[in-house]
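Read off the chains here:
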Amino acid sequence: MTRRTALAGALAATFPARNADEEEPGLREYAARAGLLYGAAAAWPVLRDDESYARAFAQECSILVPENVLKMGPVQPEPGAFRFEPADFMAEFCRRHDMRMRGHTLLWHQQAWPWLKTIADAQEARKRLEEHILTVAGRYRGSMHSWDVVNEAVHVPDGRQDGLRKTPFLELLGSDYVELAFRIAHDADPQAKLTYNDYGLDYDTPGQESKRQAVLRLLRHLKEREVPIHAFGMQAHLDWAEFRHFNPETLQRFFREIAELGLEIYITELDVSDRDLPDEIAQRDEAIAKVYHTYLTAALAERAVKAVLTWGLTDRYTWLATRRQRPSGTPVRVLPLDRDYRRKPAWQAIRDAFRTAPARDG
Ligand code: XIL
């Protein structure tokens, strides 16, 4: 039995109901043919409670990332009290469906510990960070494809020479906190690809160019100091209206510089806001699909790009529904599947970009 037949069999056993789309393989299959992983961010408790959602993940994805449940606050809501049930469920789901899993994220200034303010000094901060990373990354040791160790640490407008964002972690621990987090994560899980993840790097604008330079400086600094970092995560939260500022060469130049540092690249949170498009559905879907296709075609030209994840899989559950609400109030259409789990032009666009991507080794 081939791997694909085995998978189809496993799917049929778990999810007897089938839809017509299943005649065509899932994105995971097209990704695999190009030596890529494809996946999406999964919401809790939706993955447990909505069977159609779970089935869509199993069909389409070879990698899954929890959208929220592994962030600092959700996973350690009180000092020393961890909540692993949602992420454990997702890890088990991945095992059952032959999928990899990414961890997101060990250190971020948002959705951080709600009790962060009670930390008195550097010594306590260091102890808490160690306990957090060793406990969380340690729990999934050996089974995570990769971990977003540090998320969004660069923010040029904060005015620092090193480009680092002014956060409580920076204030408590100093600028070495990034390096510290990676070293602890490597002790906790020596197999996971340790990733620095950030946003706002997609367009050919002066602001994004200076952020790209700051990110490159940070990555170079970490490599020079022999910090265990293995990958860069490009969030890629795109917007149809802003996409006029996209220049494939600028993206490719940025990716090349990262690849030359010996790092892999993952597109970690891809989605495309349709806020400024007219309501008419066919036109809107085409415009969004075009953005997916253009962006991925440019990104996948770089062979260091090894995985593509969208930030959600279906328009039924996406943070853009509230984050980038449409002025008319009509539901957003921003992800590969519609609200009823039907494949949209965005799905075909991703498939086509995978089909034409230069093949890479695993
Ligand atoms: C978002 C989630 O999608 C929302 O559900 C949550 O309310 C806020 O965070 N960059 C990141 C992700 O790294 O963790 C964010 O996820 C989106 C922006």
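Residues numbered from 1 in each chain as written. Predicted model: local features only at pLDDT ≥ 70, side-chain atom pairs only at ≥ 80, totals over all residues. Heavy atoms only, no water.

Within the largest apolar cluster, 118 residues are counted, with the highest numbers of intra-cluster contacts made by F57, W147, F182, Y196, I267, Y295 and F354. Here this core gets ten residues from one element, more than from any other, and that element is helix 12 (residues 281–300). For F354, the contacting residues outside a window of four places in its chain are L27, Y30, A31, A34, L36, Y38, L300 and V308. Of all hydrophobic cores here, the second largest spans nine residues; its members include L37, A41, A307 and W311. (Core = buried A, V, L, I, M, F, W, Y, C linked by side-chain atoms within 4.5 Å. Buried < 20%, exposed > 50% of the residue type's maximum accessible area, 1.4 Å probe, protein only. Helix = DSSP H or I, 4+ residues; strand = E, 2+ residues; numbered from the N terminus. Contact = heavy atoms within 4.5 Å.)

The periodicity of an α-helix, 3.6 residues per turn, causes residues three or four positions apart to be oriented the same way. Here helix 6 (residues 85–96) is twelve residues long and its end C-alpha atoms lie 16 Å apart, about the 16 Å a rise of 1.5 Å per residue gives. Along helix 6, the positions that sit buried rather than exposed are P86, A87, M90, A91, F93 and C94. The buried residues of helix 6 occupy one face: seen down the axis, they fall within an arc of 160°. On its buried face, helix 6 is in contact with strand 1 (37–42), helix 3 (46–49), helix 4 (51–60), strand 2 (63–66) and strand 3 (100–107). Looking one or two places after helix 6, you find D98, whose phi comes out positive at around 55°. (Expected span 1.5 Å × (residues − 1). Arc of directions from axis to C-beta.)

For the rest of this paragraph, the subject is the pattern of salt bridges. This structure, assessed with the given rule, holds 32 salt bridges. With a shortest N-O distance of 2.8 Å, R48 and D49 are connected by a salt bridge. The exposure class of D49 is exposed, given its relative accessible area of 52%. Here D340 ties to R342 by a salt bridge, and the two come within 3.4 Å at their closest N and O atoms. We classify D340 as partly exposed; its relative accessible area is 44%. In this structure, a network of salt bridges that share partners links the residues E24, R351, D352 and R355. (Salt bridge = Lys/Arg side-chain N within 4 Å of Asp/Glu carboxyl O.)

With that out of the way, let us pick up the site of the ligand. Near the ligand there are 13 residues, and of these E67, K71, H104, E269 and W311 occur at the shortest range. The contact in question runs from an oxygen atom of the ligand to an N or O atom on the side chain of E67, over 2.4 Å. Between Q235 and the ligand, the recorded distance is 3.3 Å, taken from a side-chain N or O atom to a nitrogen atom. When the ligand sits alone it has 420 Å² of accessible area, and the protein chains cover 79% of it. (Near = heavy atom within 4 Å. Polar contact = N/O pair within 3.5 Å; in protein donor to acceptor, adjacent residues only side chain to side chain. Areas by Shrake-Rupley, 256 points an atom, 1.4 Å probe, with all protein chains shown as cover.)

Attention now goes to helix 10 (residues 206–224). Look at helix 10: 27 Å from first C-alpha to last across 19 residues, which is about the 27 Å you get at 1.5 Å a residue. The inward-facing, buried residues of helix 10 abut helix 9 (177–188), strand 5 (193–198), strand 6 (231–234) and helix 11 (248–260). The positive-phi residue at the C-terminal boundary of helix 10 is E226, with phi of around 55°.

Moving on to the pairing of strand 8 (residues 264–273). Most of strand 8 is tucked away: ten of the ten residues are buried. In terms of strand pairing, strand 6 meets strand 8 through four bridges, oriented parallel. By the bridge assignment, F232 is partnered in strand 8 with I265. For strand 7 (residues 237–239) and strand 8, the ladder comprises three bridges, and the chain directions are parallel. In the sheet register, H237 faces strand 8, and the bridge partner there is D271. Bridge count between strand 8 and strand 9 (residues 305–310): four bridges; the pairing is parallel. Its bridge partner lying in strand 9, I267 is registered against V308. (Pairing = 2+ DSSP bridges.)

What follows is about the environment of K223. Topologically, K223 is positioned in helix 10. Separated by 200 residues in the primary sequence, K223 and E23 place their C-alpha atoms 46 Å from one another.

Now for the packing of helix 12 against helix 14 (residues 345–356). The geometry of helix 12 relative to helix 14 is characterised by a closest axis approach of 8 Å and an angle of 20° between their N-to-C directions. Relative to helix 14, the element helix 12 lies roughly parallel. Note that helix 12 runs across helix 14; the crossing there is right-handed. Contacts between helix 12 and helix 14 pair D285, E286, A289, Y292, H293, L296, T297 and L300 from the former with P345, A346, A349, I350, D352, A353 and F354 from the latter. The residue inventory of the contact of helix 12 with helix 14, partitioned by class, reads ten nonpolar, two polar and three charged. (Axes fitted to C-alpha atoms, helices over the stretch in contact; angles between N-to-C directions. Parallel < 35°, antiparallel > 145°, perpendicular 65-115°, else oblique. Left-handed = near helix turned anticlockwise from the far one by under 90°. Nonpolar A, V, L, I, M, F, W, Y, C, P; charged D, E, K, R; others polar.)

These results come straight from atomic positions and should not be treated as a statement about function.
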